[in-house]
Amino acid sequence: MFDYSITPEILANKTILITGAGAGIGRQAALTYAELGATVILLGKTVAKLESVYDEILASGYPEPAIVPLDMKGASKQNYIDLTSTIVGQFGKLDGVLLNASMLGELTPFTQVNEQIWHDVMKVNVSAQFLLAQALIPGLLKADSASLVFTSSGVGSKGKAYWGAYSVSKFATEGMMQVIADEYENSSLRTNAVNPGATNTNMRSSAYPAENKSSIASPEDIMPLYVYLMSDDSRAINGQCLNAQ
Ligand SMILES: NC(=O)c1ccc[n+]([C@@H]2O[C@H](COP(=O)([O-])OP(=O)(O)OC[C@H]3O[C@@H](n4cnc5c(N)ncnc54)[C@H](OP(=O)(O)O)[C@@H]3O)[C@@H](O)[C@H]2O)c1
C-alpha cells in the first residue's frame, strides 16, 4: 500500500466533496475523511445509499455531512454551477474534491462496443468530470490550500483488450488532470489522480465476477493515499497519478 501513516484529525476544518460517495471506494473515503475531522459533501446517484453513509457518519459523532443527489449521466452544466454556489454559500470554501464516481460500461471486443454505452461512459467518466471540475475550481481557489483528485485506473495509462470506452475515458481523465495541474501550478490548488488498483467493490465484481474477493484489497486498505492527497502533507504534489497499492 501507499506508505503514509494517518494522523487523527488531520482533515479537521476541511470541507471535502466526494462523488460516488454512496458505494465502494467513495463511500469509504467519505467515512474516513469524516472520521479525520472533515465535513464531507456526499454526491451520488442513489439517494438511499447516500442517506445510509450520512446516518453512519452522524451515528459515529463525526461532523454533519451534506447530501447532493445527482445523476452525472443526465446532469447539466447549470446543475454543477448551482452546486458550487450552494457549497460556497454554505461553507465559504471547498478544500478538497475527490472525483471518484464513474461507470464501467461493458467489457467487450472493440468492434462490438455499443455506441450508446460508449457515449454514456464518456458522459459520466469524462464530460461530467470536466463540468464538475470547471464549476468547482473557483470554490477550491477560495481555500488556502486545495486539492482536486481525479480517479484513474491501470487501464488509464496502458490500454487493455476489451476495456474499450472505460480505458479510453481513464486516459482522458489523466489528460484532464495534467492540463488543470499545469494551468494552476504555483497556485493554492494542486491537482492529481489516484489509481486505486484492484479493490473489492461492485465495479470490480462486475469486471471479474469469478475472482476470490478475499485476495484483493478492501476500500479501507487503500485509504492512506486518499487521505494523503487531501491533507496538507501533499501540498507540493501536483500533476501526478499515484498508485494506492
Ligand atoms: N474497484 C477497483 O478495482 C477499481 C480499480 C481501478 C479504478 N477504480 C475506479 O475507482 C472509482 C470508484 O470505483 P468503485 O470500484 O468504488 O466503483 P463502485 O463500487 O461501482 O462505485 C461507483 C460509485 O459511482 C457512482 N456513480 C456511478 N454512476 C454515477 C452517475 N451517473 N452519477 C452519479 N454517481 C454515479 C455510484 O453510485 P450508485 O451506487 O448510486 O450507482 C457509486 O457510488 C471509479 O472511478 C473506478 O473507475 C476502481
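Asks: Let's hear about the sheet that holds strand 5 (residues 146-151): which residues, and what values?
Replies: The strand order across the open sheet built from 7 strands is 3-2-1-4-5-6-7, with neighbouring strands paired in parallel fashion. Among the strands making up the open sheet, the edge pair consists of strand 3 (66-69) and strand 7 (241-243). The mean inter-strand angle of the sheet, taken between neighbouring strand axes irrespective of direction, is 20 degrees. Relative to strand 4 (residues 96-99), strand 1 (residues 15-19) runs parallel, the two sharing 3 bridges. Following the sheet pairing, Ile18 is matched in strand 4 by Leu98. Strands strand 1, strand 4, strand 5 and strand 6 (189-195) of the sheet are contacted by helix 4 (residues 115-140), whose axis makes an angle of about 170 degrees with strand 5. Here helix 7 (residues 223-230) sits on the sheet and contacts strand 1, strand 4, strand 5, strand 6 and strand 7; the angle it forms with strand 6, its principal contact strand, is near 170 degrees.

Asks: Can you explain the site of the ligand? Please cite residues and give values.
Replies: For the ligand, the set of nearby residues contains 29 residues, the closest of which are Thr46, Lys49, Asn100, Tyr166 and Thr201. A distance of 2.8 Å separates an oxygen atom of the ligand from a polar atom in the side chain of Ser102. In this structure, an oxygen atom belonging to the ligand sits 2.5 Å away from a side-chain N or O atom of Tyr166. Elements that contribute at least two residues to the shell around the ligand include exactly helix 1 (24-35), helix 5 (164-183) and helix 6 (202-207). Its residues assigned to classes, the shell around the ligand shows 10 nonpolar, 13 polar and 6 charged.

Asks: Can you break down the packing of helix 4 against helix 5 residue by residue, with the values?
Replies: At a minimum axis separation of 8 Å, helix 4 and helix 5 run at an interaxial angle of 15 degrees. The angle between helix 4 and helix 5 places the two elements in the roughly parallel class. The two elements helix 4 and helix 5 meet at a crossing, and its hand is right-handed. Across from Trp118, Val121, Met122, Asn125, Val126, Gln129, Phe130, Ala133 and Ile137 in helix 4, the residues of helix 5 making contact are Gly164, Ala165, Tyr166, Val168, Ser169, Ala172, Thr173, Met176 and Ile180.

Asks: Could you give me a rundown of the environment of Glu56, with the residues and numbers involved?
Replies: Here Glu56 is to be found in helix 2 (residues 47-59). For Glu56, a relative accessible area of 33% puts it in the partly exposed group. Once you skip the residues sitting within four places of it in the chain, Glu56 turns out to touch Arg27 and Leu31.

Reading the values: rules and limits
Numbers given to residues run from 1 along each chain, matching the order in which its sequence is written. Totals for whole chains, interfaces and linings use all residues, but because this is a predicted model, local features are given only for residues with pLDDT of at least 70 and pairs of side-chain atoms are given and counted only at 80 or more. Excluding hydrogens and water, the side-chain figures rest on all heavy atoms present in the structure. DSSP bridges decide pairing: two strands pair if at least two such bridges lie between them. Secondary structure elements are taken from DSSP: a helix is a run of H or I of four residues or more, a strand is a run of E of two residues or more, and numbering for both begins at the N terminus. Only the contacting stretch of a helix is used when fitting its axis, a line to C-alpha atoms as for every element, and angles between N-to-C directions run 0 to 180 degrees. When checking whether two residues touch, look at their non-hydrogen atoms; a contact exists if any pair is within 4.5 Å. Being near a molecule or strand, for a residue, comes down to having at least one heavy atom within 4 Å of it. Think of a polar contact as two N or O atoms within 3.5 Å of one another; within protein, one of them needs to be a possible hydrogen donor and the other a possible acceptor, and neighboring residues in sequence only count if both atoms come from side chains. Three categories are distinguished: nonpolar for Ala, Val, Leu, Ile, Met, Phe, Trp, Tyr, Cys and Pro, charged for Asp, Glu, Lys and Arg, and polar for the others, with Gly belonging to the last. Roughly parallel means an angle under 35 degrees; roughly antiparallel, over 145; roughly perpendicular, 65 to 115; everything else is oblique. Should the near helix be turned anticlockwise from the far one by less than a right angle, the crossing is termed left-handed; should it be turned clockwise, right-handed. Buried means the residue's accessible area, taken with a 1.4 Å probe over protein chains only, is under 20% of the maximum for its type, while exposed means over 50%, and partly exposed covers the values in between.

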